[in-house]
Amino acid sequence: MAKAPDPFHEFVIELFAPMGPVSIRRMFGGAGVFCEGLMIALLFSDTIFLKTDAALRARLEAEGSEPFLWTKPSTGEIIDMGYVSLPSSAMDDPDEASDWGRQALAVARAAKARAKPKAKKKK
């Protein structure tokens, strides 16, 4: 039986609509927001966390945004995942949210360009 649509996921899709189609995939305890096949944001506890590099992170933190920190269950180690929350002012402004989303998409594209190609599996 299919799960009922998540109202927060539907809200996020509408919020980012000005930047083009986005999709959401459930993963672990949250969900990923994808655009052009790249993960641009992480959803956790009804909060949107954007993928960042140092420059985008600084701009988001200047707006009062907070990083997504994950606690490793086995050790209690706190790990910064490289995602920072969407500014609260953008939560009800699709144009502003999409501007931030486009910046996260640029970060995701750059990360993909830097990534080593995956090794092909031998048959």
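A brief look at the structure comes next. Owing to the predicted nature of the structure, the values given are computational and were not obtained by experimental measurement. (Residues numbered from 1 in each chain as written. Predicted model: local features only at pLDDT ≥ 70, side-chain atom pairs only at ≥ 80, totals over all residues. Heavy atoms only, no water.)

Before going further, it helps to examine the pattern of salt bridges. Here the structure, examined in full by the defined rule, presents 4 salt bridges. With a closest N to O distance of 2.7 Å, arginine 109 and glutamate 36 form a salt bridge. Of this pair, arginine 109 sits in helix α3 (residues 94-114) while glutamate 36 sits in the loop between β2 (30-35) and β3 (38-44), placing them 73 residues apart in sequence. The exposure class of arginine 109 is partly exposed, given its relative accessible area of 41%. Here glutamate 36 falls in the exposed class, since its relative accessible area comes to 55%. The salt bridge partner of aspartate 99 is arginine 102, with a shortest N-O separation of 3.1 Å. Pair noted here: aspartate 99 and arginine 102 are both in helix α3, with a separation of 3 residues, about one helical turn. (Salt bridge = Lys/Arg side-chain N within 4 Å of Asp/Glu carboxyl O. Helix = DSSP H or I, 4+ residues; strand = E, 2+ residues; numbered from the N terminus. Buried < 20%, exposed > 50% of the residue type's maximum accessible area, 1.4 Å probe, protein only.)

Among all positions of helix α2 (residues 54-62), only Leu56, Arg57 and Leu60 are buried. In an axial view of α2, the angular spread of the buried residues amounts to 100°, which keeps them on one side of the axis. Seen from the buried face of α2, the exposed residues on the opposite side, beyond 90 degrees, are Ala54 and Ala62. Considering only its buried residues, α2 is in contact with β4 (47-51), β5 (67-71), β6 (78-85) and α3. Two or three places before alanine 55, at the opening of α2, aspartate 53 has a side-chain oxygen 3.3 Å from that residue's backbone nitrogen. (Arc of directions from axis to C-beta. Contact = heavy atoms within 4.5 Å. Polar contact = N/O pair within 3.5 Å; in protein donor to acceptor, adjacent residues only side chain to side chain.)

What follows covers the packing of aromatic side chains. Applying the stated criterion across every chain, the model contains 3 aromatic pairs. With a centroid separation of 5.5 Å and an interplanar angle of 70°, the aromatic rings of phenylalanine 44 and phenylalanine 68 are classed as edge-to-face. Remark: phenylalanine 68 occurs in strand β5 and phenylalanine 44 occurs in strand β3; sequence separation between them is 24 residues. For phenylalanine 68, a relative accessible area of 9% gives the class buried. Taken together through their ring pairs, the aromatic side chains of Phe44, Phe49 and Phe68 make up a single cluster. (Phe/Tyr/Trp six-rings, centres within 6.5 Å; stacked < 30°, edge-to-face > 60°.)

One number sums up the size of the largest pocket: a volume of about 240 Å³. Taken together, Met27, Phe28, Gly29, Gly30, Met39, Leu42, Phe44, Phe68, Trp70, Met81 and Tyr83 make up the lining of the largest pocket. When residues in the lining of the largest pocket are grouped by element, the largest group, 3 residues, is from β3. (1 Å grid on protein atoms, 1.4 Å probe; cavity = no way out; pocket = protein on both sides within 12 Å on 5 of 7 lines; lining within 4 Å. Points joined across faces, edges and corners; volume = space filled by probe spheres on them.)

On to the nonpolar core. In terms of nonpolar packing, the biggest core is built from 26 residues, with Phe16, Ile40, Ile48, Leu50 and Leu86 touching the most fellow members. Residues contacting leucine 50, with those up to four places away along its chain left out, are Phe16, Ile40, Ala41, Leu60, Gly82, Tyr83, Val84, Leu86, Trp100 and Ala104. Membership of the second largest hydrophobic core comes to 6 residues, among which are Met39, Leu42, Phe68 and Tyr83. (Core = buried A, V, L, I, M, F, W, Y, C linked by side-chain atoms within 4.5 Å.)

Spatial strand order, β1-β2-β3-β4-β6-β5: 6 strands in an open sheet with antiparallel pairing. The sheet is open, and its two borders are formed by β1 (23-27) and β5, each paired with just one other strand. Across this sheet, the average inter-strand angle for adjacent strands is 40°, counted without regard to direction. Where β3 lies against β4, 4 bridges are found, and the strand directions are antiparallel. Looking at the pairing, leucine 43 lines up with isoleucine 48 of β4. (Pairing = 2+ DSSP bridges. Axes fitted to C-alpha atoms, helices over the stretch in contact; angles between N-to-C directions.)

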